[in-house]
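Below are the chains, spelled out letter by letter.
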Amino acid sequence: MSQSAQVPLTVVVVGSLNVDLVVGLDRMPNEGESVLGDTFERHAGGKGLNQAIAAARLAAPVRLLGAVGDDDSGAWLRALVRADHVDDTDVATVPGPSGTALIEVDARGLNRIIVVPGANALVSADAVSTSIRAMHGVGVVMTNGEVPLAVSRAALAAGRAIGALTMLNPAPVLDYREHLVDVDILVPNEHEAAAMSGLPTQTDAEARAAAQYFSSQGVTNVVITRGASGAIWSSPAGIEEVASFEVDAIDTVAAGDAFCGGLAAALAHGLQFSDALSWASAAGALAVTVKGAAPSLPMRAAVQELINQRS
Ligand code: ADP
């Protein structure tokens, strides 16, 4: 991997912040029934929060744009991102609850999840656009589907307007057709790529064809992530396979967020795209070796070490 001596540019992340409330219980209650839970945990989540922390741990300056509620969870989420040196100046506090996921996991490991978007649904497209357009020294503007479509659309347009690289992680899958004109880097996983393109993505050949489909829609760089099978990168220079790093996978939560944060941070450090993909893959691989979302996002030294081991 080539090293870059220059001061890194800023990574701007526009996305969601959530609190995950997780109950472990023997069996799910029936309608109208009360049961006792065994365990209760609170975790920070949301793709915006995860991707911002992922990039910050790789030593990029990061600004997060989004919203939390005026509740305890909001203050807690804000403190958490600050602890990872993410600039939360543009995270608004809005009346009402923060984004919340209520997660029940039974003894068989099956789950039921209710997501309340809360403050994430109230992020203002105008505020996002105005903030980004006033920024300097931005390398990458990255967004995802957990904020309203008008917000991700505004983020990409503003990123393009200030000359930053624009990146869309299209999760969850929504109608992003109007977004693509302002996307420099599209990073879906294989399921999202299939849903968006209507094409199968299971085999190597199918994933390549799907990547080419997005290229034909005018997206300069398409990176389809494929879990332990690595990724496919399509660009005007052609199609390449991005090898994954071999690790013992324990929990795949947040692999994609680690990958996106890693890619954005590496590009902000001035790395060539192919080297940036190594950072992203190493970050994704390390994230699956630790349980949870934010706790699994690796620091730069660990990413560097994994890359050095291979080269
Ligand atoms: P998502 O979490 O969005 O479904 P993926 O599962 O495709 O995303 O993972 C993103 C990236 O993380 C992969 O392209 C790969 O580089 C890395 N990764 C994910 N799972 C593994 C694994 N089991 N072993 C090694 N790398 C992995």
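Our structure's up above, just so we're on the same page.
Reading the values: rules and limits
- Residues numbered from 1 in each chain as written.
- Predicted model: local features only at pLDDT ≥ 70, side-chain atom pairs only at ≥ 80, totals over all residues.
- Heavy atoms only, no water.
- Helix = DSSP H or I, 4+ residues; strand = E, 2+ residues; numbered from the N terminus.
- Polar contact = N/O pair within 3.5 Å; in protein donor to acceptor, adjacent residues only side chain to side chain.
- Pairing = 2+ DSSP bridges.
- Axes fitted to C-alpha atoms, helices over the stretch in contact; angles between N-to-C directions.
- Contact = heavy atoms within 4.5 Å.
- Patch = residues over 30% accessible without salt bridge, like charges linked within 9 Å, V, L, I, M, F, W, Y side chains within 5 Å.
- Areas by Shrake-Rupley, 256 points an atom, 1.4 Å probe, with all protein chains shown as cover.
- Salt bridge = Lys/Arg side-chain N within 4 Å of Asp/Glu carboxyl O.
- Expected span 1.5 Å × (residues − 1).
- Buried < 20%, exposed > 50% of the residue type's maximum accessible area, 1.4 Å probe, protein only.
- Arc of directions from axis to C-beta.

S.K.: Could you give an account of the side chain of His 269, naming the residues involved and the relevant values?
M.R.: Along the chain, His 269 falls in the loop between α7 (255-268) and α8 (273-287). Within the structure, His 269 has its side chain in polar contact with the backbone oxygen of Ala 59 (distance 3.3 Å). Among the polar contacts listed, one links the side chain of His 269 to the side chain of Arg 300, at a separation of 3.3 Å.

S.K.: How would you summarise the sheet that holds strand β2 (residues 18-25) if you had to cite specific residues and measurements?
M.R.: Strand pairing in a sheet relies on backbone hydrogen bonds. The paired strands run either parallel or antiparallel. Strands sit in the order β3-β2-β7-β8 across an open sheet of 4 strands; the sheet is mixed. What marks the edges here is a single partner per strand, and that holds for β3 (37-45) and β8 (111-116). Between one strand and the next, the sheet's axes are offset by a mean angle of 15°, whatever the strand orientation. As paired strands, strand β7 (residues 99-105) and β8 are joined by 6 bridges and run antiparallel to one another. Pairing of Ala 101 across the sheet is with Val 115, part of β8. The strands that helix α2 (residues 72-83) touches are β2 and β3; relative to β3, the one it contacts most, it runs at about 55°.

S.K.: An account of a nonpolar patch on the surface is requested, with residue identities and associated values reported.
M.R.: On the surface, a cluster of nonpolar side chains totalling about 240 Å² of accessible area is made up of Leu 102, Ile 114 and Val 116. Note on placement: Val 116 falls in strand β8.

S.K.: Describe in detail α2, supporting the description with residues and values.
M.R.: Its 12 residues give α2 an end-to-end C-alpha distance of 17 Å, which sits within 8% of 16 Å, the value for a rise of 1.5 Å per residue. For α2, every residue scored as buried is listed here: Ser 73, Gly 74, Leu 77, Arg 78 and Val 81. Angular distribution of buried residues about the axis of α2 spans 135°; they occupy a single face of the element. In α2, the exposed positions that point more than 90 degrees away from the buried face belong to Asp 72, Ala 75 and Ala 83. Tucked inside the fold, the buried residues of α2 contact β2, β3, α1 (47-57), β4 (62-69), β5 (86-87) and β6 (91-94). Looking at the residues trailing α2, positive phi occurs at His 85, about 65°.

S.K.: Give me the pattern of salt bridges: which residues, what numbers.
M.R.: One pass over the structure, following the stated rule, counts 15 salt bridges. Among the salt bridges present, the one from Asp 204 reaches Arg 226, with a minimum N-O distance of 2.7 Å. With Asp 204 in helix α6 (residues 204-216) and Arg 226 in the loop between β12 (221-225) and β13 (231-235), the pair connects residues that are 22 residues apart, well separated along the chain. Note on Asp 204: relative accessible area 35%, which makes it partly exposed. A salt bridge links Glu 241 to Arg 208; the nearest nitrogen and oxygen atoms lie 3.4 Å apart. Residue Glu 241 is located in strand β14 (residues 238-242), and its partner Arg 208 is located in helix α6; the two are separated by 33 residues in the primary sequence. Given a relative accessible area of 44%, Glu 241 falls into the partly exposed group. A single salt-bridge network, built from bridges that share partners, covers Arg 153, Arg 160, Asp 182 and Asp 184.

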